[in-house]
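# Summary of structural features
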Amino acid sequence: MSQLDFVPILQRIKDAKPQVVFIFVPAGKYATAVMKAWSDLGLKEAGIQLVTTQDVMLDEELPNMGDIPLGIVSTGSYSAAATRPQNKAFLAAWHSAYGDKAIPDFAAVGGWDAMTAIFDMLKATKGTFTTDEAMAFFKNWKNPDSPRGPIMIDPETRDIIQNVYLRRVEKVDGQLANVEFETIPNVKDPWKQLNPPK
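Reference entry: report on the structure contained in this document. All values derive from a computational prediction rather than experimental measurement.

Reading guide: rules and limits
- Residues numbered from 1 in each chain as written.
- Predicted model: local features only at pLDDT ≥ 70, side-chain atom pairs only at ≥ 80, totals over all residues.
- Heavy atoms only, no water.
- Core = buried A, V, L, I, M, F, W, Y, C linked by side-chain atoms within 4.5 Å.
- Buried < 20%, exposed > 50% of the residue type's maximum accessible area, 1.4 Å probe, protein only.
- Helix = DSSP H or I, 4+ residues; strand = E, 2+ residues; numbered from the N terminus.
- Contact = heavy atoms within 4.5 Å.
- Axes fitted to C-alpha atoms, helices over the stretch in contact; angles between N-to-C directions.
- Parallel < 35°, antiparallel > 145°, perpendicular 65-115°, else oblique.
- Left-handed = near helix turned anticlockwise from the far one by under 90°.
- Nonpolar A, V, L, I, M, F, W, Y, C, P; charged D, E, K, R; others polar.

Turning to the nonpolar core, a few remarks are in order. In terms of nonpolar packing, the biggest core is built from 23 residues, with Leu 10, Ile 23, Val 34, Met 35, Trp 38 and Met 57 touching the most fellow members. Looking at this core, the elements with two or more residues in it are α1 (7-16), β1 (20-23) and α2 (29-40). A per-element tally of this core places α2 first, with 6 residues. In contact with Val 34, not counting residues within four places along its chain, are Phe 6, Leu 10, Ile 23, Val 25 and Val 56.

Attention shifts here to the packing of helix α4 (residues 106-125) against helix α5 (residues 131-138). Where α4 contacts α5, the two axes come as close as 10 Å, and the packing angle between them is 120°. On the basis of their axis angle, the class for α4 and α5 is oblique. You can see that α4 and α5 cross each other, and the crossing is right-handed. Across from Ala 117, Ile 118, Asp 120, Met 121 and Ala 124 in α4, the residues of α5 making contact are Ala 134, Phe 137 and Phe 138. Of the residues in the contact of α4 with α5, the class split is 7 nonpolar, no polar and 1 charged.

To continue, consider unusual backbone geometry. Positive phi outside glycine occurs at Lys 126, with the angle close to 55°. Tracing the chain through its elements places Lys 126 in the loop between α4 and α5. For Lys 126, a relative accessible area of 74% gives the class exposed. At Asn 186, a position not held by glycine, the phi torsion is positive, near 50°. In this fold, Asn 186 is placed in strand β7 (residues 175-187).

Here you go:
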């Protein structure tokens, strides 16, 4: 089986006739391949509802999927279709650098936020810092103006705290987009919350 051949797996799902299926795959071309197999096997027509993550409903891959993903609900920390002013500013900078057809995804925003954190640390320390001072700064870092909404580093776990959005694929100005319709605010790593260190 090719790495991008999802037909055997999805055929087993279709044969099992579930009401809902949750799928996640590595981002990129895997997303388009799984959606093509989903369509070719007629899982939607079989009455199976797909719910997924931003790895499958990847903003930059949506143009390659045709209308297959219309109506699919996913969760994610970012959507290029978000109407937040900070996202509009990010998109303007992205398009200025990479062209109007380039679509950023959650990984691009992660890079943007990482560079913002580094820049903020350099400003706060005036460029002079030890490793311990840098880590002390980062463990309390907050950014209310990320393109993905407010983010911060949890000083206890050093993980990011961020909004998670429920998104539905819709057509916006004739293009497929992950339209955010509900926000779960300030999400911490659930595993660490349910399994605190002893």
